[in-house]
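Residue-level structural notes
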Amino acid sequence: MSDKTLTLALMDPPYESANSTTALRIVSAALKKGINVNVFAYEGAVNLPFKDQAPHANPVKGTTVEEEDHPTTKTFVASLLEIGKGSPLLTWMNCGLCVDERGAGNAVDGVKRGGPADFLRMAQESTNTLVIPTK
Amino acid sequence: MASRKEYYNMANYVFIESRDPFESRDTGFVADTATALKRGDNEVTVFLVQNGVLACRNNAAASRLPQMAKAGITLLADDFSVSERGIQPAEMTPGVRRSSIEALVDLLVRENTKAIWH
């Protein structure tokens, strides 16, 4: 178990940018190395763990929901929170005001609510901080 | 006696370049800044990810990667992004090494490291 902590700030909403995929890969890789991770989700990124996301069928190809096996970001975030529920620890914090604006309060279990002051504290207490802004 | 690096408090810089240089002309900012920091005797790495890896094809004539390699900057390309875009090892610009997201994490948690996403 490492004594290091990496903080990420994310801003992109799900299903729009490869940034989200890369961010989740970084979180996964860090947890596998035993590194604690903080995620501060800001603006559209608060929708990444939104619980009401639903996988869909593909009427063009005629495939069912099960056949399509469409990945949702809420599932990825929930899996990462499961991996990071102890040591190493993943703290996923959604910006509260961003959540309220978007009606995105129904998040997967384990997601916390906070504000920019929490991001500052996370950054101050971390080994390093990476901000992944929108383009 | 403190080394020159310690005396001047030089740092490790990790630039994460996610943008395609043929779509985003401001990728020149990363090349210019990374080169200037390297000239200042800092350790500088540019990690290419997503469409940023499109610059590492040999035939990418407008790429700034050869200049950065010549300046002594460490150039790494995310293997996942490289594979997704069908870039073969033989096609890659000399000086760019295939790397991984795990290696990026190792770079990010080094002491005295500043990380810049572009």
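Structural notes, computed from the coordinates. (Residues numbered from 1 in each chain as written. Chains lettered and ligands numbered in written order. Predicted model: local features only at pLDDT ≥ 70, side-chain atom pairs only at ≥ 80, totals over all residues.)

Quick look at the pairing of strand S3 (residues 74-78) of chain B now. A regular strand places its side chains so that they alternate between the two faces of the sheet. Residue and element names in this part refer to chain B. The element S3 is extensively covered by neighbouring structure, given that five of its five residues are classed as buried. Alternating positions in S3 separate into two faces, Thr74, Leu76 and Asp78 on one and Leu75 and Ala77 on the other, with burial throughout. By the bridge criterion, four bridges tie strand S2 (residues 43-48) to S3 in an arrangement that is parallel. Paired with Leu48 across the strands is Ala77, a residue of S3. For the crossover from S2 across helix H3 (residues 65-70) to S3, the handedness is right-handed. Here S3 runs beside strand S4 (residues 96-99); their pairing, made up of four bridges, is parallel. Looking at the pairing, Ala77 lines up with Arg98 of S4. Each parallel crossover has a hand, and for S3 linked through helix H4 (residues 79-84) to S4 it is right-handed. (Buried ≥ 20, exposed ≤ 12 C-beta atoms within 10 Å, placed from the backbone. Helix = DSSP H or I, 4+ residues; strand = E, 2+ residues; numbered from the N terminus. Pairing = 2+ DSSP bridges. Right-handed = clockwise from strand over helix to strand, strands pointing away.)

Turning to the sheet that holds S2(B), a few remarks are in order. By way of backbone hydrogen bonds, the strands of a sheet pair with one another, either parallel or antiparallel. Residues and elements named next belong to chain B. Taken in spatial order, the five strands make up an open sheet running S4-S3-S2-S1-S5, and their pairing is parallel. Looking at strand neighbours, the two that pair on one side only are S4 and strand S5 (113-117), the edges of this open sheet. Recorded for the sheet is a direction-independent mean angle of 25° between the axes of neighbouring strands. Contacting strand S1 (12-17), S2, S3, S4 and S5, helix H5 (residues 101-108) crosses the sheet at an angle of about 130° to S5. (Axes fitted to C-alpha atoms, helices over the stretch in contact; angles between N-to-C directions. Contact = placed C-beta atoms within 7 Å.)

A word on H5(B). Among the residues of H5(B), Leu104(B), Val105(B), Leu107(B) and Leu108(B) are the ones counted as buried. Each buried residue of H5(B) sits inside an arc of 160° when the element is viewed along its axis, so together they form one side. Here the buried face of H5(B) lies against strand S1 (5-10), helix H1 (18-32) and strand S5 (128-132) of chain A together with S1, S2 and S5 of chain B. (Arc of directions from axis to C-beta.)

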